[in-house]
Amino acid sequence: MNARVKLIVLSLLVLYLGLLFGGIRTFRADQGLVFFALLGVVLSRIGIPLQFGRLTMGFVAHIAAALALPPATAGAVGALGYLGTGGFNPWKEAFNRAQLGLAAFLASTANQVAGPLAGGTVYFLTNLGALTLLGVGLGKPPASLWSENFRAFLPSYLGLFPVSLLASALYHRPLVTPWGGLDTAIALFPVVYVYFLWVHQVRLANAVRNIVEASVRYLEAKDTYTAYHSERVAAIARDIALEMGLSPDQTRAVELGARLHDIGKVKVPDPVLKKEGGLSKEEWGAIAKHPLYGVELLKPLESFLGEVFPVVLYHHERWDGRGYPEGKAGYEIPLTARIVAVADAYEAMTSDRPYRRAKSPEEALKEIQDLAGTQFDPRVVEAFTRVWERNPAWKTKTEYLKTTLA
């Protein structure tokens, strides 16, 4: 674990312990502490894997505790009501317990000052801030962390907040059983249902990723000269998209579209795809149809991959309108496709092909710059040049493969 992450963990731990000590007068070592901590432990064993770490259902118990108990007790519940998986790591353990305890403490304080809605909001934002801070320490962009790990689960947080609110109310005023703890446990049954919905969502996302990976590998097996072509195009395109300030959703579409941009070539006959000499008019026509083939092949996955269809379909269009398959020009071509067009061309120029040797990175850059305004969007070329000058790993194919296969 790097020094930056350790500093973040220690800072969170000191902040949590400082607030807990400052609010010690509100601490109550009673059955509420034990009940909600145990509930948190049980629910923390139900979790969904994220881009890094896990999102557990323990937050439902922690928010309920924050709404039902005083700040110091709720803060203790957050820290104690958690049981991790995958072995013991002192830094990870310290971060998780400090983060959860801090969120519960602040949420309880906000609840006392401004009511339950404020408490639930503070809990969510505190967790979001702590995890994003950790991700930044690990070198991950904050916007990407939000998009990949949290925003997709925000509806579940919002949907389960009323359950936590009901559970906290029933703890003090039971309606079904003599003891509020039993009423609280009954009220938390919907958590199990939402958990299985989350599992289903994650499995679907993983299935789509596996289909994408298998499709790309199949194309590479069919045409060995394009081995790692799609991955390198994706790396180049992602860096261009980030340089141009695209949103996380657009950047993800660019990267995934780049990985799939040539998938239609699986329908091109092998003799045409692997031909070392010049192509006849009919053979060139078969090659030129691969964007259409790609969209056709991906059609069953449209609900998951709809945003990448323009990349697959239009990555061979030209700025001057002389590309294919539809002859679109200028801003008629989606920006995501214009970015992948530059990345695709650079990767092809700097890779060996059966009919020519690879150009040097400097030669390829010069050619792309010369084609700005005719084949390529000038703004995309400018962004590509800025990224290229920072000497990224994809600049040369040998260096990229060395990094990728390491």
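Details of the structure are given in the entry above.
Cut-offs and rules
- Residues numbered from 1 in each chain as written.
- Predicted model: local features only at pLDDT ≥ 70, side-chain atom pairs only at ≥ 80, totals over all residues.
- Heavy atoms only, no water.
- Phe/Tyr/Trp six-rings, centres within 6.5 Å; stacked < 30°, edge-to-face > 60°.
- Helix = DSSP H or I, 4+ residues; strand = E, 2+ residues; numbered from the N terminus.
- Buried < 20%, exposed > 50% of the residue type's maximum accessible area, 1.4 Å probe, protein only.
- Lys NZ or Arg CZ within 6 Å of the ring centre and 35° of its normal.
- Salt bridge = Lys/Arg side-chain N within 4 Å of Asp/Glu carboxyl O.
- Contact = heavy atoms within 4.5 Å.
- Expected span 1.5 Å × (residues − 1).
- Polar contact = N/O pair within 3.5 Å; in protein donor to acceptor, adjacent residues only side chain to side chain.
- Axes fitted to C-alpha atoms, helices over the stretch in contact; angles between N-to-C directions.
- Parallel < 35°, antiparallel > 145°, perpendicular 65-115°, else oblique.
- Left-handed = near helix turned anticlockwise from the far one by under 90°.

S.K.: Sorry if this is basic, but what is going on with the packing of aromatic side chains here?
M.R.: What describes a pair of aromatic rings is the distance from one ring centre to the other and the angle between the planes of the rings. All chains considered together, the criterion is met by eleven aromatic pairs. Each ring, one from Phe384 and one from Trp394, has its centre 5.7 Å from the other, and the planes form 20 degrees; the classification is stacked. With Phe384 in helix H20 (residues 378-388) and Trp394 in the loop between H20 and helix H21 (397-405), this pair connects stretches of sequence that are ten residues apart. The class of Phe384 is buried, set by a relative accessible area of 0%. Linked through ring pairs, Phe35, Phe36, Tyr171 and Trp179 together constitute an aromatic cluster. Note that Lys395 overlies the ring of Trp388, its terminal NZ or CZ placed 3.7 Å from the centroid.

S.K.: Help me understand the pattern of salt bridges, please; the structure alone is not making it clear to me.
M.R.: Once their charged atoms are close, side chains differing in charge can pair, the charge on each being opposite to the other. Throughout the structure, instances matching the rule amount to 19 salt bridges. Of the charged contacts, one joins Glu243 and Arg390 as a salt bridge, the two residues approaching to 2.7 Å between their closest N and O atoms. Placement of Glu243 in helix H11 (residues 229-243) and of Arg390 in the loop between H20 and H21 is noted, with a sequence separation of 147 residues between them. With a closest N to O distance of 2.8 Å, Asp320 and Arg318 form a salt bridge. A network of salt bridges, in which partner residues are shared, links Arg232, Glu347 and Lys397.

S.K.: Would you explain the side chain of Arg318 in this entry?
M.R.: In this structure, Arg318 sits in the loop between helix H17 (309-314) and helix H18 (335-349). Setting aside its immediate chain neighbours within four residues, Arg318 contacts Gly323, Lys328, Ala329, Gly330, Ile333, Thr374 and Gln375.

S.K.: Is there a simple way to think about helix H5 (residues 90-114) in this case?
M.R.: Since the α-helix advances by 3.6 residues per turn, residues separated by three or four positions end up pointing in the same direction. Taking 1.5 Å per residue, 25 residues should reach 36 Å; H5 reaches 35 Å between its end C-alpha atoms and fits that length. Where H5 begins, one side-chain oxygen reaches toward the backbone nitrogen of Trp91, 3.0 Å away; that side chain belongs to Asn89. Residue Gly115 follows H5 closely and has a positive phi angle near 105 degrees.

S.K.: Where do I start with the packing of H5 against helix H6 (residues 116-137) in this structure?
M.R.: Each pair of packed helices can be described by the angle between their axes along with the distance between the axes. Remark: H5 packs on H6, axes separated minimally by 7 Å, with the N-to-C direction vectors making an angle of 155 degrees. Classified by the interaxial angle, the pair formed by H5 and H6 is roughly antiparallel. In the packing of H5 onto H6, the handedness of the crossing is right-handed. Facing H5, whose interface residues are Phe95, Gln99, Leu100, Leu102, Ala103, Ala104, Leu106, Ala107, Ala110, Asn111 and Ala114, H6 presents Pro116, Ala118, Gly119, Val122, Tyr123, Thr126, Asn127, Ala130, Leu131 and Leu134.

Treat this as a map of the structure, not an account of what it does.
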